[in-house]
Amino acid sequence: MEEEPPQPDNPARDHTAAQHKRARADSETSTSVESIHSTRTLQSEDLEFVQENDRIYANQTYFIPCDQTEQDRLTIQHQVYVYALKGKLTTTKITPSTRRILDLGTGPGNWAVAIAQQYPHAEVVGIDMAVWDLETTEGETGSGRVTWEIDDLDVWGVEPDIDELTSRLEHYDPFRDPAARHLTDSSSRFKGKEPQTQSHSSSVTELSFDPYILKPEAQPGWHFSQPFDFIHARCLSGAFAHWEDVYAEIYKNLMPGGWVEIAAYELVLPEMENSTSEPDEFPFQSLRRLYRAMMTASFKSGRPLGTFYMHPTYLEDAGFKDVRTTYVNVPVGTWPEDEEQKKIGKMFLVVFMESLEPFCLRLLTKYGDAERIWTAEEVREVVEKAKNEILEWDARIEGVRRKEGWCANFKWVVGRKSKNA
Ligand SMILES: C[S@@+](CC[C@H](N)C(=O)[O-])C[C@H]1O[C@@H](n2cnc3c(N)ncnc32)[C@H](O)[C@@H]1O
């Protein structure tokens, strides 16, 4: 199933940290609802922003910040995804009949703008609960017309029994098994929810009602005015507790014959070269500590990290057909001999190292690991150590293992809604 790392066929664009004006809550210009190419559904002043440990978050819940530093990281990460697919933006086929495309959790909108630019016949909607600097994305990527919507897609919240979810971590090795589905499946999924059936033994008088006070019950789920031909979601690990419900909504919001594509990557640490090594001699001591703590914290938060939600059975259970996964190995670091591969490896190394703080900071200061809550200083200290370990490893490995080194496993899972659905 694994492919050789591909030879990317498009050059990296120079990325300089965006210094452009930002249309967000921390900016004077946050009332802008319309940019040159796009429209917005909500004004950013309607949104709550949380400043925490010198980072900005969209709300009290989602673990990754939505500030300029994170936008820069996501922009470079987008380039790595495009490289991995040799310049393509999707593993599905976009045809002239693909009229409406939705990007869930669009972030700074790099993918949405790029797909709108590449397929101008399609109407593209990018939705996110956070306000990002979309003018900069449009300025850098081009004139793809995208409708930006601001909304919280997590209409379900978290599992009531977090202890039960966390206890499953005991049987889980996050370094070897990030894609296991059984880990998060819960038989107690609907525990505590009362069935909504009506009693048939009610007498006629009990059934009488006043039509003037009858209010339509708010239906849980997403409310898009029209269905889509293609729904895309990238890097949404840790965003939801109930992926079964997410896939059901995606299915509901697709046209018959429409496609879903979910993309993410897994990073398994390199194997020990000497299997007789004692655990305290393993490389990446701090990185391992951080990674394990981050996974535990994500389980404690009720929204586990990992790529378990990309298991094909999730899509199949939701009703999707023709489910298939594309895997691409992306090098981590400068070890590849091939210059293009070295370039992508270097870019991904930056993305990975810069993901440590945003991934760990809120999770560990809010939920902590198995023992305790961490301080922000402690997180930053271990992050620095982990970054040094990665850099030292990269310097040591460069020129030594040039045939097969450390890779991240990028994957795209797609499925089709039946034409007769
Ligand atoms: C890691 S970023 C990925 C952004 C983009 N998909 C990409 O690949 O560059 C995750 C995005 O999902 C958004 N997100 C997370 N939970 C969300 C929710 N419940 N509703 C809407 N957006 C959400 C975050 O605000 C963030 O922009």
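The coordinates are above.
Cut-offs used in this document
- Residues numbered from 1 in each chain as written.
- Predicted model: local features only at pLDDT ≥ 70, side-chain atom pairs only at ≥ 80, totals over all residues.
- Heavy atoms only, no water.
- Helix = DSSP H or I, 4+ residues; strand = E, 2+ residues; numbered from the N terminus.
- Expected span 1.5 Å × (residues − 1).
- Bend = angle between axes of the 7 residues up to and from the residue.
- Buried < 20%, exposed > 50% of the residue type's maximum accessible area, 1.4 Å probe, protein only.
- Near = heavy atom within 4 Å.
- Polar contact = N/O pair within 3.5 Å; in protein donor to acceptor, adjacent residues only side chain to side chain.
- Nonpolar A, V, L, I, M, F, W, Y, C, P; charged D, E, K, R; others polar.
- Pairing = 2+ DSSP bridges.
- Right-handed = clockwise from strand over helix to strand, strands pointing away.
- Lys, Arg positive; Asp, Glu negative; His and termini not counted.
- Salt bridge = Lys/Arg side-chain N within 4 Å of Asp/Glu carboxyl O.
- Contact = heavy atoms within 4.5 Å.
- Core = buried A, V, L, I, M, F, W, Y, C linked by side-chain atoms within 4.5 Å.
- Phe/Tyr/Trp six-rings, centres within 6.5 Å; stacked < 30°, edge-to-face > 60°.
- Lys NZ or Arg CZ within 6 Å of the ring centre and 35° of its normal.

### Looking at helix α9 (residues 339-366)
Here's step 1: Between the first and last C-alpha of α9 there are 42 Å, a value that for 28 residues agrees with the 40 Å anticipated at 1.5 Å per step.
Here's step 2: Taking the largest bend as the criterion, α9 deviates by roughly 35°, centred on C360.
Here's step 3: Of all 28 residues in α9, 21 are buried; the element is thus mostly enclosed.
Here's step 4: G368 lies just past α9 and shows a positive phi near 75°.

### Describing the site of the ligand
Here's step 1: Around the ligand, the surrounding shell holds 18 residues, and the nearest of these are G105, D128, D152, L153 and R234.
Here's step 2: A distance of 2.7 Å is found between a nitrogen atom of the ligand and a backbone nitrogen or oxygen belonging to G105.
Here's step 3: Separating an oxygen atom of the ligand from a side-chain N or O atom of R234 is a distance of 2.8 Å.
Here's step 4: The residue inventory of the shell around the ligand, partitioned by class, reads ten nonpolar, three polar and five charged.

### Topic: the pairing of strand β4 (residues 100-104)
Here's step 1: Of all five residues that make up β4, five are buried, and the element is covered over most of its length.
Here's step 2: Residues R100, L102 and L104 line one face of β4 and the alternating positions I101 and D103 line the opposite face, and both faces are buried.
Here's step 3: Note: β4 against strand β5 (residues 123-128), five bridges, orientation parallel. Across the sheet, R100 pairs through a bridge with E123, a residue of β5.
Here's step 4: What joins β4 to β5 is helix α2 (residues 110-118), and the crossover it makes is right-handed.
Here's step 5: Pairing of β4 with strand β7 (residues 228-234), which is carried by four bridges, proceeds in the parallel orientation. Within β7, the position partnered with I101 by the bridge is F230.

### Observations regarding the side chain of K417
Here's step 1: Examined against the element boundaries, K417 turns out to sit in the segment after β10 (407-416).
Here's step 2: The buried charged residue K417 lacks any salt bridge, with D229 as its nearest oppositely charged partner at 10 Å.
Here's step 3: Ignoring sequence-local partners within four residues, the contact set of K417 consists of Y251, K252, L254, M255, P256, G257, G258 and F320.

### Describing the nonpolar core
Here's step 1: Grouped together as the largest cluster of nonpolar side chains are 88 residues, with contacts concentrated most on L104, I250, F348, W406 and F410.
Here's step 2: Broken down by element, the residue count for this core peaks at 13 residues, all from α9.
Here's step 3: Leave out the neighbours within four places in its chain, and I250 touches L104, W222, I231, V260, I262 and F320.

### Brief notes about the pattern of salt bridges
Here's step 1: According to the stated counting rule, one finds 15 salt bridges in the structure shown.
Here's step 2: K343 is paired through a salt bridge with E340; the nearest N and O atoms lie 3.8 Å apart. Of this pair, K343 and E340 both sit in helix α9, separated by three residues, roughly a single helical turn.
Here's step 3: Accessibility expressed as a relative area gives 33% for K343, which makes it partly exposed.
Here's step 4: A residue is classified by how much of its surface remains accessible, and E340, at 26% relative accessible area, is partly exposed.
Here's step 5: Among the charged side chains, a network of salt bridges with common partners joins R55, D67, E357 and R380.

### Remarks on the packing of aromatic side chains
Here's step 1: Applying the stated criterion across every chain yields a total of 26 aromatic pairs.
Here's step 2: Here the aromatic rings of W156 and F240 are separated by 6.2 Å at their centres, their planes lie at 70°, and the arrangement is edge-to-face. Of this pair, W156 sits in the loop between β6 (146-150) and α4 (162-167) while F240 is found in the loop between β7 and α6 (243-252), placing the two residues 84 residues apart along the sequence.
Here's step 3: Judged by its relative accessible area of 21%, W156 falls in the partly exposed class.
Here's step 4: Among the aromatic side chains, those forming a connected cluster through ring pairs are W156, W222, F224, F228, F240, W243, Y247, F308, Y309 and Y314.
Here's step 5: Residue placement shows R234 over the ring face of Y81; its charged tip is 4.6 Å from the ring centre.
Here's step 6: Sitting over the ring of Y251, K417 keeps its end group 4.7 Å from the ring centre.

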